Amino acid sequence: MAEKPPLPGDEERNWLGEDQSESQLSRTEADDVERPAWDSKFQYVLAQVGFSVGLGNVWRFPYLCHQNGGGAFMLLYIVLLLLIGVPLFFMELAAGQCIRQGSIGVWKHISPKLAGIGYSSCLVCFYVALYYNVIIAWSLFYMGNSFQYPLPWEQCPVDRATNDTVKECARSSPTSYFWFRKALDITDSIDGSGEFNPIMTGCLLAAWAVVSLAMIKGIKSSARVMYFSSVFPYVVLFIFLIRGLMLDGAIEGITYMFYPKLEIWGEVQVWRQAATQVFFALGLGYGSVIAYSSYNPIHNNCHRDALMVSGINFMTSVLASLVVFVVLGFRAKNIALNCVAENLGLLNDLASHGSNQHWWPWFNMTDPRSVSIAEYREWYSHYGYMVGPNITDCNLEEEMNKGVEGTGLAFIAFTEAMALFPASPFWSTLFFLMLLNLGLSTMFGTMQGILTPLMDNFSLLGRHRTILTVSSCILGFLIGLLFTQRSGNYFVTMFDDYSATLPLIIVVVFETMSVSWVYGADRFLDDIEVMLKWRPPVVYKYLWKYVCLLAMVGLLAASMLRMVFKRPTYTAWNESTASEMSLEYPNWALVMIALLILVATLPVPIGYIVSVLQARGVPSLGPEEGGGQEMHHERFTSSEQLDSNAHNAPVEEGHAHRRASFLPLGADQYQLLSQQEDGEDEQEEDTGV
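Residues numbered from 1 in each chain as written. Predicted model: local features only at pLDDT ≥ 70, side-chain atom pairs only at ≥ 80, totals over all residues. Heavy atoms only, no water.

## Structural notes on the overall build of the protein chain
Turning to step 1, where the next piece is worked out: Scanning the protein chain from N- to C-terminus turns up 27 helices and 4 strands.
Turning to step 2, where the next piece is worked out: A buried classification covers 57% of the 689 residues belonging to the protein chain.
Turning to step 3, where the next piece is worked out: Contacts in the protein chain between residues far apart in sequence, at least 24 positions, make up 80% of those at least 6 positions apart.
Turning to step 4, where the next piece is worked out: Total accessible area on the protein chain is roughly 28,900 Å²; 59% of this is exposed by carbon and sulfur atoms. (Helix = DSSP H or I, 4+ residues; strand = E, 2+ residues; numbered from the N terminus. Buried < 20%, exposed > 50% of the residue type's maximum accessible area, 1.4 Å probe, protein only. Contact = heavy atoms within 4.5 Å. Areas by Shrake-Rupley, 256 points an atom, 1.4 Å probe, with all protein chains shown as cover.)

## What about the pairing of strand 4 (residues 579–584)?
Turning to step 1, where the next piece is worked out: The pairing of strand 3 (residues 569–574) with strand 4 spans 6 bridges and is antiparallel. Bridging across to strand 4, W573 finds its partner in E580.
Turning to step 2, where the next piece is worked out: Hairpin geometry of strand 3 and strand 4 is characterised by an intervening segment of 4 residues between the two adjacent antiparallel strands and by a positive phi of about 55° at A578. (Pairing = 2+ DSSP bridges.)

## A few points about the side chain of S293
Turning to step 1, where the next piece is worked out: Take S293: it is sitting in helix 14 (residues 288–293).
Turning to step 2, where the next piece is worked out: Taking relative accessible area as the criterion, S293 reaches 0% and is therefore assigned buried.
Turning to step 3, where the next piece is worked out: Apart from residues lying up to four places away in sequence, S293 is in contact with Y44, Q48, E92, L93, G96 and Q97.

## Overview of the environment of I606
Turning to step 1, where the next piece is worked out: Topologically, I606 is positioned in helix 26 (residues 603–617).
Turning to step 2, where the next piece is worked out: Note: C-alpha distance between I606 and K113 (493 residues apart in sequence) is 9.1 Å.

## Description of the side chain of S146
Turning to step 1, where the next piece is worked out: Considering the arrangement of structural elements, one finds S146 in the loop between helix 6 (115–145) and strand 1 (158–159).
Turning to step 2, where the next piece is worked out: In terms of polar contacts, S146 uses its side chain to reach the side chain of S428, at 2.7 Å.
Turning to step 3, where the next piece is worked out: If we skip the residues at most four places from it in the chain, S146 touches L151, W153, P425, S428, T429 and F432. (Polar contact = N/O pair within 3.5 Å; in protein donor to acceptor, adjacent residues only side chain to side chain.)

## Structural notes on the packing of aromatic side chains
Turning to step 1, where the next piece is worked out: Applying the stated criterion across every chain yields a total of 40 aromatic pairs.
Turning to step 2, where the next piece is worked out: Each ring, one from F279 and one from F280, has its centre 5.1 Å from the other, and the planes form 90°; the classification is edge-to-face.
Turning to step 3, where the next piece is worked out: Residue classification places F280 among the partly exposed positions, given a relative accessible area of 25%.
Turning to step 4, where the next piece is worked out: Between Y570 and Y585, the ring centres sit 4.8 Å apart and the planes meet at 35°, which makes this aromatic pair tilted. Of this pair, Y570 sits in strand 3 while Y585 is found in the loop between strand 4 and helix 25 (587–601), placing the two residues 15 residues apart along the sequence. Each member of the pair, Y570 as well as Y585, carries the same accessibility label: buried. (Phe/Tyr/Trp six-rings, centres within 6.5 Å; stacked < 30°, edge-to-face > 60°.)

## Points about the state of the cysteines
Should the sulfur atoms of two cysteines be covalently bonded, the bond is a disulfide.
Turning to step 1, where the next piece is worked out: Tallied over the entire structure, the rule returns 1 disulfide.
Turning to step 2, where the next piece is worked out: C156 shares a disulfide with C169; S-S distance 1.9 Å. Taking the sign of the S-S torsion, -80° for the link of C156 and C169, the bridge is left-handed. One end of the pair, C156, is in the loop between helix 6 and strand 1; the other, C169, is in helix 7 (residues 167–171), and 13 residues separate them in sequence.
Turning to step 3, where the next piece is worked out: For C156, a relative accessible area of 23% corresponds to the partly exposed category.
Turning to step 4, where the next piece is worked out: Take C302: it sits in no disulfide, and the sulfur closest to it among the cysteines is that of C98, at 7.5 Å. (Disulfide = S-S within 2.5 Å.)

## Focus: the packing of helix 23 (residues 501–532) against helix 24 (residues 539–565)
Turning to step 1, where the next piece is worked out: Their axes nearest at 9 Å, the elements helix 23 and helix 24 cross at an angle of 170°. Compared by their axis directions, helix 23 and helix 24 come out roughly antiparallel.
Turning to step 2, where the next piece is worked out: Taken together, the residues that form the contact of helix 23 with helix 24 break down as 21 nonpolar, 3 polar and 3 charged. (Axes fitted to C-alpha atoms, helices over the stretch in contact; angles between N-to-C directions. Parallel < 35°, antiparallel > 145°, perpendicular 65-115°, else oblique. Nonpolar A, V, L, I, M, F, W, Y, C, P; charged D, E, K, R; others polar.)

## Focus: a nonpolar patch on the surface
Turning to step 1, where the next piece is worked out: Taken together, L75, V79, L83, F510, M513, W517, V518, V538, Y542, Y546, V547 and L550 make up a surface patch of nonpolar side chains, about 1,100 Å² in accessible area.
Turning to step 2, where the next piece is worked out: The set of elements that each furnish at least two residues to the nonpolar patch consists of helix 4 (71–99), helix 23 and helix 24.
Turning to step 3, where the next piece is worked out: Relative to the helices and strands, M513 is located in helix 23. (Patch = residues over 30% accessible without salt bridge, like charges linked within 9 Å, V, L, I, M, F, W, Y side chains within 5 Å. Salt bridge = Lys/Arg side-chain N within 4 Å of Asp/Glu carboxyl O.)

## Observations regarding helix 8 (residues 174–183)
Turning to step 1, where the next piece is worked out: Across the 10 residues that make up helix 8, a large majority, 8, are buried.
Turning to step 2, where the next piece is worked out: Turning to helix 8, its buried residues number three or more, namely T175, S176, Y177, F178, W179, F180, R181 and A183.
Turning to step 3, where the next piece is worked out: Positioned one or two residues after helix 8, D185 has a phi angle of 45°, which is positive.

## Focus: the pattern of salt bridges
Turning to step 1, where the next piece is worked out: Counted under the stated rule, the structure contains 11 salt bridges.
Turning to step 2, where the next piece is worked out: The salt bridge partner of R181 is D185, with a shortest N-O separation of 3.1 Å.
Turning to step 3, where the next piece is worked out: Note that K333 is salt-bridged to D248, the shortest N-O span being 3.0 Å. Of this pair, K333 sits in helix 15 (residues 302–352) while D248 sits in the loop between helix 11 (232–245) and helix 12 (250–258); the two residues are 85 residues apart in sequence, bridging distant segments of the chain.

## A look at the packing of helix 6 against helix 8
Turning to step 1, where the next piece is worked out: At a minimum axis distance of 13 Å, the contact between helix 6 and helix 8 shows a crossing angle of 115°. Taken as axis vectors, helix 6 and helix 8 run roughly perpendicular relative to one another. Where helix 6 crosses over helix 8, the two elements pack in a sense that is right-handed. Of the residues in helix 8, those touching helix 6 at W138, F141, Y142 and N145 are F178, W179, K182 and A183.
Turning to step 2, where the next piece is worked out: Partitioned by chemical class, the residues of the contact of helix 6 with helix 8 number 6 nonpolar, 1 polar and 1 charged. (Left-handed = near helix turned anticlockwise from the far one by under 90°.)

## A word on unusual backbone geometry
Most peptide bonds take the trans configuration, and most residues that are not glycine carry a negative phi.
Turning to step 1, where the next piece is worked out: With an omega of -5°, the peptide bond between Y149 and P150 qualifies as cis.
Turning to step 2, where the next piece is worked out: Topologically, P150 is positioned in the loop between helix 6 and strand 1.
Turning to step 3, where the next piece is worked out: Phi at A578 takes a positive value of approximately 55°, unusual for a residue other than glycine.
Turning to step 4, where the next piece is worked out: Here A578 lies in the loop between strand 3 and strand 4.
Turning to step 5, where the next piece is worked out: A578 sits in the buried class, given a relative accessible area of 6%.

## Topic: the environment of T316
Turning to step 1, where the next piece is worked out: Relative to the helices and strands, T316 resides in helix 15.
Turning to step 2, where the next piece is worked out: Considering only alpha carbons, one finds T316 and Y234, 82 residues apart in sequence, at a separation of 8.1 Å.
Turning to step 3, where the next piece is worked out: Not counting chain neighbours up to four residues away, the residues in contact with T316 comprise V53, Y234 and L237.

## Let's talk about the confidence of the model for the protein chain
Turning to step 1, where the next piece is worked out: Of all residues in the protein chain, 79% attain a pLDDT of 70 or more, and the chain-wide mean is 77.
Turning to step 2, where the next piece is worked out: Taken as a whole, residues 1–33 scores under 50 in pLDDT and shows 84 contacts with residues more than four places along the chain or in a different chain.
Turning to step 3, where the next piece is worked out: Low pLDDT (under 50) marks residues 619–689, which in the prediction has 175 contacts with non-local residues, meaning those over four places away or in another chain. (pLDDT = per-residue confidence, 0-100.)

## A short note on the environment of L590
Turning to step 1, where the next piece is worked out: Of note, L590 is situated in helix 25.
Turning to step 2, where the next piece is worked out: Spatially, the C-alpha atoms of L590 and M494 are 9.7 Å apart, while their sequence positions differ by 96 residues.
Turning to step 3, where the next piece is worked out: L590 has contacts with R567, P568 and Y585, leaving out every residue within four places of it along the chain.

Pasting the structure below:
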């Protein structure tokens, strides 16, 4: 697994002239495999934003914000984003841009003993890709069912045998029935695997076909799709926000979301959830951030990119939260008003039987539309204990407090609200098309986190990009059949909760240690200074070495303790009671969870052991044979030397303070390579660092 050789010097190649922008591509005939590059800075930003802004911004952040103190949680999130998220995101961007390799090559470049970090990132990306594409398949299914009026989840179906409403639907709701029975045809537990769901299998095949076609030419093809998949969700979110603000109940929804509860700052669980959300929102540890930045020009301002993408990500979460809660506020108010109407109907029945009590309401019971929720609740607070059990309270707060997240938000609560909209098929199609694009843009970045490191480190795979891409998608589809059986939703929950969380945190802990302690934060800042032509604030040194590292270790410890002291559970759907219930994972499922975590984290220690054994057993290996030796200091130079070599000035032998650097000699003259990928024979010289 040899490193990609450094680009040739001035004496062999024509470099970018002074009159050429470094963000433009310059065509050259290179002997090594040509590395693609972004067509423009806008294209790159769209790709990074598309990867980091995903389904979690729409259905995870609003739920956490609402359940954990509203505005107080948002303030806590901003603090952790600035102290942990932005520094780590900047670190990954700078590392990828410096070395121009995928995740495997970047960490092996620092030390061959750290190569396992990149392989762990690839495995976690593969885990995520497996179940993420299933969510895209669900979106395809719902979008296909949105082209009919009325929507199939607006009303309960009728049992032809009894000519009555299907009991499971009558006991729950039309949207819940459609999701659990029509879409998933779900079993009562994870033990009852059942047969494959043919419709979902077809949708999953279509989802992998879309990903394969978009990725088949690398960033050259996927970046073009990004122009639509990254921008379209914002158009839809703004349309939904404008429409939602016109709905009755929108203000109540926004009020419940942003009302601050500062006391939650004293709860450890809230800090853990906020840190985890920051961690996953930016896509740290996947290797996709590194892969995307490796296609940048060497002097690109990655610090500004880190601040910009992080800011866009946060503002998108806020925008999505506004959209979600204006719609959920509308839904909750409709439920509360229907509750008032039903109770007033029962009171009218009592009045028709001649009952005349002193607790009769003072408002007009015959016209429910004229009675507000506040009036009804005021009456109920005074006389509710006197009426029978059939008369209930109608609490808007309770409806809003029934927080929903994930698939429950997208495929049950939101679909129920959209069914109440005028022209509901249009809004439903728009919403699921937005989910589809959010999922695809994240999926492209996830696949790039798998393919780029493999192509960079295995020359055979690098020369057969198309075969590798198609084969990966076929393998993903075949393994993904696990999620299309009737119990597949439970496996999606398992992978989402456990396959990525702990391994990714471990990966980022080792990333932070390798940059700030193994390589050295000061040396890393030196290399960034060479790239940016200015030195980032020294505060990053202390954030990387202490704040970020301690925070990630604390998050790792909190996550592990939670798994140890609280047996993992999942939410199952009971067909007989038509309700959800929490079940513990069976023993075989716990073994599966442990194996998923173990397999994803094993490459880190294995890579270290293999490197140590190679160094001890074969001490005479040269650069072209070993691949396990430390970086030779003679091949690298300090930032001061890099600046002095900008015009090919020789390096003085007695130069003081000589130290290793990420950047090879002449790195400030990196030439952007052509995006042509199907031209001359592509051969890669195997060489070491």
